[in-house]
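# Observations on chain architecture
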Amino acid sequence: MQPSGRTLFWSLALAGLLGAVITVSAGIGPVWIPPDAVAKVLLNAVVLPTAVDLSGATPAVTTQPLFRFPVEDIQRQIVLQVRLPRILLGAIVGFSLAAAGTIMQGIFRNPMADPSIIGVSSGAAVGAVGFIVAPVALPFGLGLRAAAFSGALLAAFGVYLIATQNGRTPVATLLLAGVAVQTFLGAVVSFLLLQSGESIRRALFWLMGHLKGAAWPEVWTSLLLVAVPFVVLLVYARDLNVMLLGEEDAQSLGIDVERTKRILLAFSSLVTAAGVAVAGIIGFVGLIVPHVMRLVVGPDHRVLLPTAALAGSSFLVATDTLARSGSAEVPVGIVTAALGAPFFLYLLRQREVHEL
Amino acid sequence: MSDHDDGHAGEAIPMLEANDIAVSLGGTQILSGVDLTAECGSVVGLVGPNGAGKTTVLRTLRATLSPDRGTVRVAGEPIDDLSTKEVSRRVASTPQATTLSFDFTVEQTVEMGRTPHLGRFDRADEDDYDAVQAAMERAEVAQFADRPVTSLSGGERQRVLLARALAQETPVLLLDEPTANLDVNHAVRTLELVADLAAEGKTAVAAIHDLNLAARYCDELVVLSDGEVRAAGDPRDVLTSETLGDAFDAEALVTRQPGTDAPLVTPLPDRDPLDAAVHVVGTGGQAAAAVARLVAAGSSVTVGVVPAGDAAAERARELDCPVVTVPPFAGVDSNARERATELAREADAVVVAGDVGDANQSVVAAASRLVAVAGEGVPRIESERTTVTTVESLPEAVADLPPAEDRDERAVPSGEQQDRY
């Protein structure tokens, strides 16, 4: 099958899985709602634009619901206003981490690479914890998430600058610079935690990664921040395949290696930062999901990138459902690691994941 | 395509040309002023010891390295003026080794050779598919098409890399040790393929460590050592004992490959040079081998009397040794016999090898010290003072001969020796 055909097949299958996971997840909580009821609520929410009114100061779009299933209003409220924002945010974060992890493992040709290998998460942590410990009034009403987002991008950019010499960024240098900067930023976070006093609990909760308190505006913002760079990454998927042959080979096959690396690093950092800023540090998704999907669909990034991203969505929605369904909520980062690590070890024994 | 037009426009413009290339890596001078010219449709071999800079030359030729000094031109265009993509449509290369650690199939890997011809939003079309299939056929990897590259042996992977380069459909091919991991059969087939491609108009530059394969398949050789060109040109002119001694710092014997005119290089172990004048008597391949071996060991060799055209006479001529010849089947005249006898008398030792013939008995008799080469045609030696040895250890046997006055103790009657062999 052609790559485009395989991409379509696997993407549709995994999108279907994601839909099922979301439907079941939206039913789980203090009030149980059966999946069919959830499905009706979700379908009723699908609207079609029927008319656009341009006469007013702002154009008004008249919409028409596609379906009109009878649903209980309370169930509709719970699903759409309480559970769905969190679930969708989880899906977006899982998508971003898995996509960025796929790209990083490709750039570094290293199975241990994860989305935050060039310091994105550590930067976000410094930004977030710094903001929690010493909240400063940021302009434009930006808060914790903006602080984390900018910290993430600053750290990634700093690592890139440190590792670049004469316009070349060797991945080995990038890797080591990333490790060093992560260690340094880890020390900064530890120091900030010591100074945090009352707010240490909030800071720790953020560091462990959670999706609590998600609301619709965040969903839309992060959707935009993830979707646009993801499209760019998809366009470069074929170049990344060639880069897997090694940088010199890629160059002799006509790939502008340094430029491609720069674009891939920038956009995957952007995707990661968008995910980490809303959810804190959630480990393992970006490491394990690309691995598993590579075993399933092979190393071709034109197929691997979209499928790993969709699988990451399902994985994080499912684990977050577990995280919030206990008597006391657990940060989802703990659940992903607690489930992911044993599964990964199982794969390691079964499928000989010795190399990418 | 415009590439081809450029190639035809100026027949005089070499397809690939490097002028005075100097490269230093990490502060070490790797190349200092290398010139290389590859005419359209030729195979140029880069030979030289390890660390001579062969790979660096290839990396410079494909613009992976930009030289500190000098220029590389492809069909007359400076390579620095071309974008990475433009270079990749003109120059394809196979690396010495590659990180093919991902489970791409052979076909997927070869398909990547089409990258230079695809725009960012292009899909591979029928032409690309055909090019990939043709490349796999020619490199003989079509039967592995669906297997992961990681499951192939080193030699098979090397052929996959060759197929990838062929799929690029470039006028210039750069090959870094294309036969390094190949068995004898595939090494020869790969180089035959390169020669065929050259005959079809492609230009190839290959770093080849096997001097004999290089001599056989390259139209021109460039001998590199310490980042400098020691010699360049026709393999027959380039591969000489002196050049090889200079470049490789090793003794090597240069003769002709059987069946072709190409030089045959036989590396020899390091020994102290044999500082002796030796006269060789005998005919045929064994005498020829003895001459070559002694010359390689450093001694000054004379030969005779041999019929003109005999292998020994030919070898002596190739190696610039004085030789006394007579026309074939004409018999040995007294003049020739006297000259040969004189040479034998002046020599420190006389070596008999192969068929000596009755006419040469007087030449043998003039020997102060005698060494016989044991072999199929056991030489008829009437002298009583002989040491018998093989061609390989001939220099040692000559060097170990006792001084002329003591030879009686060492000499063994020839009759006994002949019984033993």
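Cut-offs used in this document
Residues numbered from 1 in each chain as written. Chains lettered and ligands numbered in written order. Predicted model: local features only at pLDDT ≥ 70, side-chain atom pairs only at ≥ 80, totals over all residues. Heavy atoms only, no water. Contact = heavy atoms within 4.5 Å. Buried area = accessible area lost by both parts, 1.4 Å probe. Salt bridge = Lys/Arg side-chain N within 4 Å of Asp/Glu carboxyl O. Polar contact = N/O pair within 3.5 Å; in protein donor to acceptor, adjacent residues only side chain to side chain. Helix = DSSP H or I, 4+ residues; strand = E, 2+ residues; numbered from the N terminus. Axes fitted to C-alpha atoms, helices over the stretch in contact; angles between N-to-C directions. Parallel < 35°, antiparallel > 145°, perpendicular 65-115°, else oblique. Left-handed = near helix turned anticlockwise from the far one by under 90°. Nonpolar A, V, L, I, M, F, W, Y, C, P; charged D, E, K, R; others polar. Pairing = 2+ DSSP bridges. UniProt positions renumbered as here; feature names shortened; annotations may be inferred. Domains from an automatic or database assignment. Buried < 20%, exposed > 50% of the residue type's maximum accessible area, 1.4 Å probe, protein only. Patch = residues over 30% accessible without salt bridge, like charges linked within 9 Å, V, L, I, M, F, W, Y side chains within 5 Å. Areas by Shrake-Rupley, 256 points an atom, 1.4 Å probe, with all protein chains shown as cover.

### What about the interface of chain A and chain B?
Counting residues at the interface gives 24 residues for chain A, matched by 32 residues for chain B. Buried area between chain A and chain B, summed over both chains or domains, comes out near 2500 Å², and the portion from carbon and sulfur atoms is 51%. Its largest share of buried area at the contact with chain B, chain A owes to Arg238(A), Leu245(A) and Leu253(A), together 25% of the area lost on that side. Linking chain A with chain B are 4 salt bridges, by the criterion used here. Where chain A meets chain B, there are 9 residue pairs in polar contact (both at pLDDT 80 or more). For the side of chain A that touches chain B, the elements supplying multiple residues, two or more each, are α9 (237-243) and α10 (247-252) of chain A.

### Structural notes on the packing of helix α4 (residues 120-133) of chain A against helix α7 (residues 200-208) of chain A
Residue and element names in this part refer to chain A. Between α4 and α7, whose axes approach to 9 Å, the crossing angle comes to 160 degrees. Taken together, the axes of α4 and α7 are roughly antiparallel relative to one another. Relative to α7, the crossing made by α4 is right-handed. Contact residues: Ala124, Ala125, Ala128, Val129 and Ile132 in α4; Arg202, Ala203, Trp206 and Leu207 in α7. Partitioning the contact of α4 with α7 into residue classes produces 8 nonpolar, no polar and 1 charged.

### Notes on the sheet that holds strand β16 (residues 349-352) of chain B
By way of backbone hydrogen bonds, the strands of a sheet pair with one another, either parallel or antiparallel. Residues and elements named next belong to chain B. A sheet is described by the order of its strands in space; here 6 strands give the open sequence β15-β14-β13-β16-β17-β18, paired in parallel fashion. In this open sheet, the two edge strands, each paired with only one partner strand, are β15 (323-326) and β18 (387-389). Each adjacent strand pair in this sheet contributes to an overall mean axis angle of 20 degrees, direction not counted. In this structure, strand β13 (residues 277-281) lies alongside β16, joined through 4 bridges in parallel fashion. Counted as the bridge partner of Val281 is Val352 from β16.

### Some points on the UniProt feature "transmembrane region" (unreviewed entry) in chain A
Residues and elements named next belong to chain A. Within the UniProt annotation, "transmembrane region" (unreviewed entry) is assigned to residues 87-108, 117-138, 144-162, 174-194, 214-236, 263-289 and 330-348. Here residues 214-236 runs as 87% helix and 0% strand, with 32 Å between its end C-alpha atoms. This span, residues 263-289, is 81% helix and 0% strand, and a straight line between its end C-alpha atoms measures 23 Å.

### Focus on the domain arrangement of chain B
Residue and element names in this part refer to chain B. Assigned domains of chain B: these are domain 1 (16-267) and domain 2 (276-400). Distance from the C-alpha centre of domain 1 to the C-alpha centre of domain 2: 44 Å. Taken together, the contact between domain 1 and domain 2 spans 5 residues of the former and 7 residues of the latter. Between domain 1 and domain 2, the buried area comes to about 460 Å², and carbon and sulfur atoms account for 60% of it.

### Remarks on unusual backbone geometry
For residues besides glycine, phi is generally negative; the peptide bonds are generally trans as well. Residues and elements named next belong to chain B. Phi is positive for Asp20, close to 50 degrees, though the residue is something other than glycine. Within the secondary structure layout, Asp20 lies in strand β1 (residues 16-25). On the accessibility criterion, Asp20 (33% relative accessible area) is partly exposed. Despite not being glycine, Glu140 shows a phi value in the positive range, around 60 degrees. Mapped onto the elements, Glu140 comes out in the loop between α5 (126-138) and α6 (154-167).

### Focus: a nonpolar patch on the surface
All names here are of chain A. A surface patch of nonpolar side chains, about 460 Å² in accessible area, is lined by Leu43, Val46, Leu48, Leu66, Phe67 and Phe69. Position of Phe67 among the secondary structure elements: in the loop between β2 (60-65) and α3 (73-108). Phe67 gets classed as partly exposed once you look at its relative accessible area, which sits at 31%.

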